[in-house]
Amino acid sequence: LNMKAGKKALDGCDDKTAYSYLGTALSLLPKDHWENHYDLSLRIYFLMASASNSNDEAELMLQKIFEKARCLDDQLPSYLLLNEILLSQGNP
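Definitions and cut-offs
Residues numbered from 1 in each chain as written. Predicted model: local features only at pLDDT ≥ 70, side-chain atom pairs only at ≥ 80, totals over all residues. Heavy atoms only, no water. Core = buried A, V, L, I, M, F, W, Y, C linked by side-chain atoms within 4.5 Å. Buried < 20%, exposed > 50% of the residue type's maximum accessible area, 1.4 Å probe, protein only. Helix = DSSP H or I, 4+ residues; strand = E, 2+ residues; numbered from the N terminus. Contact = heavy atoms within 4.5 Å. pLDDT = per-residue confidence, 0-100. Expected span 1.5 Å × (residues − 1). Salt bridge = Lys/Arg side-chain N within 4 Å of Asp/Glu carboxyl O. Axes fitted to C-alpha atoms, helices over the stretch in contact; angles between N-to-C directions. Parallel < 35°, antiparallel > 145°, perpendicular 65-115°, else oblique. Left-handed = near helix turned anticlockwise from the far one by under 90°. Nonpolar A, V, L, I, M, F, W, Y, C, P; charged D, E, K, R; others polar.

Caption draft 1: Expanded view of the nonpolar core. With 23 residues, the main nonpolar core has Leu-26, Leu-62 and Ile-65 as its most contacted residues. When residues of this core are assigned to their parent elements, the largest contribution, 8 residues, is made by helix α4 (residues 38-51). Aside from chain neighbours lying at most four places away, what touches Leu-62 is Ala-49, Ser-78, Leu-81, Leu-82 and Ile-85.

So this is what it looks like as structure tokens:
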């Protein structure tokens, strides 16, 4: 439910609220969430990176995806987001 609320807030350009809801969703996952709730973990981490107001925080979330993703297809959206972040910082 918190993930859905976070996604809706992100779609409405309310990044701060989205990040809060998504953080709550993440905190409710069990410790082994990457093993037992892989798709949900992947979505929450990606949405949190998208909603983050801090490029450093976004990069940390994306790094976790790069570590835990099972295949390149799961990593690709995160690489694209990282590219956008780096370009916005003036880093090619």
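Caption draft 2: Quick look at the confidence of the model for the chain. Summarising the model, the chain shows a mean pLDDT of 87, and 87% of its residues fall at 70 or more. The secondary-structure element of the chain with the lowest mean pLDDT is helix α1 (residues 2-11), recorded at 67, while helix α3 (residues 33-36) shows the highest, at 96.

Caption draft 3: Local environment of α4. Relative to the 20 Å expected for 14 residues at 1.5 Å per residue, α4 spans 20 Å between its end C-alpha atoms, a close match to the ideal helical length. Buried residues of α4: Tyr-38, Ser-41, Leu-42, Ile-44, Tyr-45, Leu-47, Met-48, Ala-49 and Ala-51, and no others.

Caption draft 4: The arrangement of the pattern of salt bridges in detail. Using the criterion set out here, one finds 1 salt bridge in the structure. A salt bridge links Glu-67 to Lys-64, with the shortest nitrogen-to-oxygen separation between them at 3.8 Å. Residue Glu-67 and its partner Lys-64 are located together in helix α5 (residues 55-68), separated by 3 residues, close to a single helical turn.

Caption draft 5: Spotlight on the side chain of His-33. Note that His-33 resides in helix α3. Judged by relative accessible area, His-33 falls into the buried class, the value being 9%. The residues contacting His-33, other than those within four sequence positions of it, are Leu-26, Tyr-38, Ser-41 and Tyr-45.

Caption draft 6: Spatial organisation of the packing of α5 against helix α6 (residues 72-88). Relative to each other, α5 and α6 sit at 155°, their axes nearing to 10 Å. For the element pair α5 / α6, the angle class is roughly antiparallel. The handedness of the crossing between α5 and α6 is left-handed. Side by side, α5 and α6 meet where Asn-55, Ala-58, Glu-59, Leu-62, Ile-65 and Phe-66 of the first sit next to Asp-74, Gln-75, Ser-78, Tyr-79, Leu-81, Leu-82, Ile-85, Leu-86 and Ser-88 of the second. Along the lines of polarity and charge, the residues of the contact of α5 with α6 split into 9 nonpolar, 4 polar and 2 charged.

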